[in-house]
Amino acid sequence: MGYLKQIDIENFKSWRGKKVIGPFMRFNCIIGTNGSGKSNVMDAISFAMGERATCLRVKHLRELIHGAHIGRPVTDTARVSMRYCDEEDKETVFCRSIVGDSSEYRINGVHVSLAKYLEALEKIGIVTKARNCLVFQGAVESIALKDPKERTKMFECISHSKEYAAEYEQKKEALMKA
Ligand code: ATP
Ligand code: MG
């Protein structure tokens, strides 16, 4: 299975200028005092995974630029690159930048549309719209409080098991008849 090797950050939230976070192992733990930026690491990763601003604890993307939270953005752009390593140690770099109030997406330095970007992420098992990658602060409780049907829907979306539902029902029926 592939894994996230490193993130390269530029003027995103609490990081001024260029910063490297990693290299990560297959399992990682982030510790720090309150307000030290632990959730910002998750925000950086979700940002690079194409998450919407509202899911990143802001109304507008430009608020994610370093200093913007106090009305003094240090620049007009921010960037997060995610270095993904597959089983054969081949690296793919997914990069998202803020341009005004919209985004630019690059894969290995090549400019791509959001659709292509999300498609490439889906190929490595990241389905951003299913929000499967990250469980945000407070989300454990909200997932636990979902009604069973909603929770099932969420896991079906994450695991892609819905795609096999028809085949499953067919085989189950055939087995019952046999
Ligand atoms: P907790 O333990 O309370 O959950 P945390 O470690 O998860 O805290 P974060 O929410 O990641 O903390 O980080 C909060 C910090 O990020 C605050 O100090 C805030 O000032 C800083 N911050 C948020 N947005 C920006 C920004 N645009 N520019 C600079 N700093 C920012
Ligand atoms: Mg936090």
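As named in an unreviewed UniProt entry, the protein is SMC hinge domain-containing protein, taken from Eleginops maclovinus.

Helix and strand counts for the protein stand at five helices and six strands. Secondary structure elements in the protein, listed N-terminal to C-terminal, are β-β-α-β-β-β-β-α-α-α-α. Expressed as lengths along the three principal axes of its C-alpha atoms, the size of the protein is roughly 70 × 40 × 30 Å. Relative to all contacts within the protein whose residues are 6 or more apart in sequence, the contacts with residues 24 or more apart total 49%.

In the vicinity of ligand 1, 18 residues are found, and the nearest of them are Asn-34, Gly-35, Lys-38, Asn-40 and Gly-67. Between Ile-65 and ligand 1, the recorded distance is 3.0 Å, taken from a backbone N or O atom to a nitrogen atom. Taking Gly-67, its main chain carries an N or O atom lying 2.8 Å from a nitrogen atom of ligand 1. Contact with the protein chains hides 76% of the accessible area of ligand 1, taken as 660 Å² for the molecule alone.

For the rest of this paragraph, the subject is the sheet that holds strand β5 (residues 102–107). In spatial order, the strands read β2-β1-β3-β4-β5-β6; together these six strands make up an open sheet with antiparallel pairing. Strands with a single pairing partner mark the edges of an open sheet, and in this sheet they are β2 (18–21) and β6 (110–112). The mean inter-strand angle of the sheet, taken between neighbouring strand axes irrespective of direction, is 25°. Summarising the sheet, β5 and β6 pair through three bridges and their orientation is antiparallel. Bridging across to β6, Ile-107 finds its partner in Val-110. Sitting on the sheet, helix α2 (residues 114–123) is in contact with β3 (79–85), β4 (91–99), β5 and β6, with an inclination near 50° to β5.

By size, the foremost hydrophobic cluster in this structure holds 31 residues, and its most contacted members are Ile-7, Ile-9, Phe-12, Phe-47, Leu-64, Met-82 and Tyr-117. Listing elements by their share of this core, those giving two or more residues are β1 (3–10), α1 (38–48), β3, β4, β5 and α2. With five residues, α1 is the single largest residue contributor to this core. In contact with Phe-12, other than residues within four places in its own chain, are Asn-40, Asp-43, Ala-44, Phe-47, Leu-64, Ala-78, Arg-79 and Val-80.

Looking now at the packing of aromatic side chains. The full count for this structure, using the stated rule, is three aromatic pairs. Consider the rings of Phe-94 and Tyr-117, whose centres lie 5.7 Å apart with planes at 85°: the pair is edge-to-face. Highlighted residues: Phe-94 in strand β4 and Tyr-117 in helix α2, separated in sequence by 23 residues. Given the relative accessible area of 2%, Phe-94 is considered buried. For the ring pair Tyr-105 and Tyr-117, a centre distance of 4.8 Å and an interplane angle of 50° mean the geometry is tilted. Taken together, the residues Tyr-105 in strand β5 and Tyr-117 in helix α2 connect sequence positions 12 residues apart. What makes Tyr-105 buried here is its relative accessible area of 7%. Within the aromatic cluster, the residues linked to one another by ring pairs are Phe-94, Tyr-105 and Tyr-117.

Now for the pairing of β5. In this structure, β4 lies alongside β5, joined through six bridges in antiparallel fashion. Among the inter-strand pairings, Ile-98 is bridged to a residue of β5, identified as Ser-103. Here β5 folds back onto β6 in antiparallel fashion, the turn holding two residues, of which Asn-108 has a positive phi close to 50°.

Here the focus is the pattern of salt bridges. Tallied over the full model, the rule gives 13 salt bridges. Between Lys-172 and Glu-169 there is a salt bridge, and its shortest N-O distance comes to 3.9 Å. With a gap of three residues between them, Lys-172 and Glu-169 both fall in helix α5 (residues 165–177), about one helical turn apart. Looking at Lys-172, the relative accessible area reads 36%, which means it is partly exposed. Three or more residues joined by partner-sharing salt bridges are found here, namely Lys-5, Asp-8, Arg-83 and Glu-91.

Reading the values: rules and limits
Residues numbered from 1 in each chain as written. Chains lettered and ligands numbered in written order. Predicted model: local features only at pLDDT ≥ 70, side-chain atom pairs only at ≥ 80, totals over all residues. Heavy atoms only, no water. Helix = DSSP H or I, 4+ residues; strand = E, 2+ residues; numbered from the N terminus. Contact = heavy atoms within 4.5 Å. Near = heavy atom within 4 Å. Polar contact = N/O pair within 3.5 Å; in protein donor to acceptor, adjacent residues only side chain to side chain. Areas by Shrake-Rupley, 256 points an atom, 1.4 Å probe, with all protein chains shown as cover. Pairing = 2+ DSSP bridges. Axes fitted to C-alpha atoms, helices over the stretch in contact; angles between N-to-C directions. Core = buried A, V, L, I, M, F, W, Y, C linked by side-chain atoms within 4.5 Å. Buried < 20%, exposed > 50% of the residue type's maximum accessible area, 1.4 Å probe, protein only. Phe/Tyr/Trp six-rings, centres within 6.5 Å; stacked < 30°, edge-to-face > 60°. Salt bridge = Lys/Arg side-chain N within 4 Å of Asp/Glu carboxyl O.

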